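Single-letter residue listing:
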Amino acid sequence: MTLTWTLTICTYNRPHFLVETLKYALQQTRPPAEVVVVDASDDWADNRARMEAEFKTEWKTVALTYVPAEVRSLTFQRNQALGLATSDIVFSLDDDIYLYPDAAEIVLDVYEADTDCEVAMVTGKFTSGPYNPHATTHHPDALSEEPQSKIKEWVENQLTLDNHFVPYAEPVEMSPVPTSIAHLNVYPSGLINGGRTTFRRKYAEESGWTELLRYYATHEDSDFSYRMSQFGRLIVAPDHTTRL
C-alpha cells in the first residue's frame, strides 16, 4: 500500500521562514503530492508569488494551493488547510519547521505498515542546529551518555503536554504499539506538539481543531492530538527528525 502526503502550513507575516520550510519539504526523499498554505498576511498574494517563483521547477510535479486565511486564527487556518488537503496523510507543520531529508519516508513507512489503520498520528523529534546526516537518535528510555539529574528529570516531566491537559473522554492509549508496526523504531506517544504533527486525513476530518480556541491557545495542539487519540494510536518515530 503506497500512501501520498500533503504538507499544510498556516503562516502570518513570515515568508522568510516559509521559504526555508518549503525548501526542506520539497527536497524529501518522498516528496509531497501537494502543498497547501493558508496565509493570514495582508500581502498574502505577494507571498504566494514569491513562493511560486522560488520553487518554479518543483511546482511542475507538486501541486500548490496557496490561499488567504478566511479567519486570522490558527485553529481556523488549520481547519481551512485540512479542508483543502486531498492526500492520505497530512503533515501539518509550523512555518519554521525544517524536515530532515528522509523524515517523510520514515513517517510514511509507519502508516503504510499499519494496514488496519490503527495509528491516527505519528510524530518525530525536534533538534536544533544544521542537518547532520550522521547524527543518531535514541529511544528516550535508552541510557544517556550523561546521567540526567533527578531535579532536571522531574522538571521536564512536569512540563510535558500530558501534565497540563485535562482529559474529557477516554485517556490516551499507552499500551505497546500495534504488532503491524512493532518491527519499526517506534513507541507510544502521549499528546503531540502541533509543530510536528502528521495524521491520517480521514480521522482528522472527523475530529478537526476545535474552533472554540479561536485565537492563540496554549493547548490547541494538545486538544487536537487528544481528539485524534479517540480514533487511533499516537506514535513517536524518533528517526523522523525536524529542526527549528
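The structure under discussion appears in the preceding block.
The structure reproduced in this document is the subject of the present report. Treat the numbers as computed from the prediction; the structure is a model and nothing was measured. (Residues numbered from 1 in each chain as written. Predicted model: local features only at pLDDT ≥ 70, side-chain atom pairs only at ≥ 80, totals over all residues. Heavy atoms only, no water.)

### Quick look at the overall build of the protein
Right, on to step 1. Of the regular secondary structure elements, the protein holds seven helices and nine strands.
Right, on to step 2. Of all 244 residues assigned to the protein, the portion counted as buried reaches 48%.
Right, on to step 3. Long-range contacts, defined as pairs at least 24 residues apart, comprise 84% of the intrachain contacts of the protein with a sequence gap of at least 6.
Right, on to step 4. When the accessible surface of the protein is totalled, it reaches about 12400 Å², and 51% of it is carbon and sulfur. (Helix = DSSP H or I, 4+ residues; strand = E, 2+ residues; numbered from the N terminus. Buried < 20%, exposed > 50% of the residue type's maximum accessible area, 1.4 Å probe, protein only. Contact = heavy atoms within 4.5 Å. Areas by Shrake-Rupley, 256 points an atom, 1.4 Å probe, with all protein chains shown as cover.)

### Side note on the nonpolar core
Right, on to step 1. Trp 5, Leu 7, Leu 22, Val 35, Phe 91, Val 122 and Ile 181 are the most contacted members of the largest nonpolar core, which has 36 residues in total.
Right, on to step 2. The greatest single-element share of this core, amounting to eight residues, is contributed by helix α4 (residues 103-113).
Right, on to step 3. When sequence neighbours within four positions are dropped, the list of residues in contact with Val 35 reads Leu 7, Leu 22, Leu 26, Trp 59, Val 62, Ala 63, Leu 64 and Thr 65. (Core = buried A, V, L, I, M, F, W, Y, C linked by side-chain atoms within 4.5 Å.)

### Overview of helix α1 (residues 15-26)
Right, on to step 1. Compared with the 16 Å implied by 1.5 Å per residue over twelve residues, the 16 Å span of α1 between its first and last C-alpha is a close match.
Right, on to step 2. Within α1, burial applies to Pro 15, Leu 18, Val 19, Thr 21, Leu 22, Tyr 24, Ala 25 and Leu 26. (Expected span 1.5 Å × (residues − 1).)

### Here we look at the packing of aromatic side chains
Right, on to step 1. With the rule as written, the count across this model stands at five aromatic pairs.
Right, on to step 2. When the centroid spacing of 4.3 Å and the interplanar angle of 45 degrees are considered together, the rings of Trp 5 and Phe 91 count as tilted. Taken together, the positions of Trp 5 in strand β1 (residues 5-11) and Phe 91 in strand β4 (residues 89-93) put the pair 86 residues apart, joining distant regions of the chain. The residues Trp 5 and Phe 91 share a single accessibility class, namely buried.
Right, on to step 3. Pairing Tyr 24 with Tyr 98 gives two aromatic rings, centres 5.3 Å apart and planes at 20 degrees, and the pair type is stacked. Here Tyr 24 is found in helix α1, whereas its partner Tyr 98 is found in strand β5 (residues 98-99), with 74 residues between them in sequence. (Phe/Tyr/Trp six-rings, centres within 6.5 Å; stacked < 30°, edge-to-face > 60°.)

### So, the pattern of salt bridges
Right, on to step 1. By the definition in use, this model includes nine salt bridges.
Right, on to step 2. A salt bridge links Glu 112 to Arg 30, with the nearest nitrogen and oxygen atoms 2.9 Å apart. Placement of the pair is Glu 112 in helix α4 and Arg 30 in the loop between α1 and β2 (34-39), with a sequence separation of 82 residues.
Right, on to step 3. Among the ionic pairs, Arg 72 bridges to Asp 42, the shortest N-O distance being 2.3 Å. Of the two residues, Arg 72 sits in the loop between β3 (63-68) and α3 (74-84) while Asp 42 sits in the loop between β2 and α2 (44-54), which places them 30 residues apart along the sequence.
Right, on to step 4. Owing to a relative accessible area of 43%, Arg 72 belongs among the partly exposed residues under this scheme.
Right, on to step 5. Residue class for Asp 42 comes out exposed when judged on its relative accessible area of 68%. (Salt bridge = Lys/Arg side-chain N within 4 Å of Asp/Glu carboxyl O.)

### Description of the environment of Glu 211
Right, on to step 1. Following the sequence through the fold, Glu 211 ends up in the loop between α6 (201-207) and α7 (220-229).
Right, on to step 2. Separated by 132 residues in the primary sequence, Glu 211 and Asn 79 place their C-alpha atoms 8.6 Å from one another.
Right, on to step 3. Apart from residues lying up to four places away in sequence, Glu 211 is in contact with Thr 75, Phe 76 and Asn 79.

### Points about the side chain of Asp 95
Right, on to step 1. As for its placement among the helices and strands, Asp 95 is situated in the loop between β4 and β5.
Right, on to step 2. Accessibility expressed as a relative area gives 5% for Asp 95, which makes it buried.
Right, on to step 3. Engagement of the side chain of Asp 95 in a polar contact is seen with the side chain of Thr 11, the distance being 2.7 Å.
Right, on to step 4. At a separation of 2.5 Å, a polar atom in the side chain of Asp 95 contacts the side chain of Arg 14.
Right, on to step 5. Residues contacting Asp 95, with those up to four places away along its chain left out, are Ile 9, Cys 10, Thr 11, Tyr 12, Arg 14, Phe 17, Leu 18 and Thr 21. (Polar contact = N/O pair within 3.5 Å; in protein donor to acceptor, adjacent residues only side chain to side chain.)

### Regarding the environment of Thr 86
Right, on to step 1. Note on placement: Thr 86 falls in the loop between α3 and β4.
Right, on to step 2. Along the sequence, Thr 86 and Val 36 sit 50 residues apart, while their C-alpha atoms lie 9.9 Å from each other.
Right, on to step 3. Beyond its immediate sequence surroundings of up to four residues, Thr 86 is in contact with Thr 6, Glu 34 and Arg 201.

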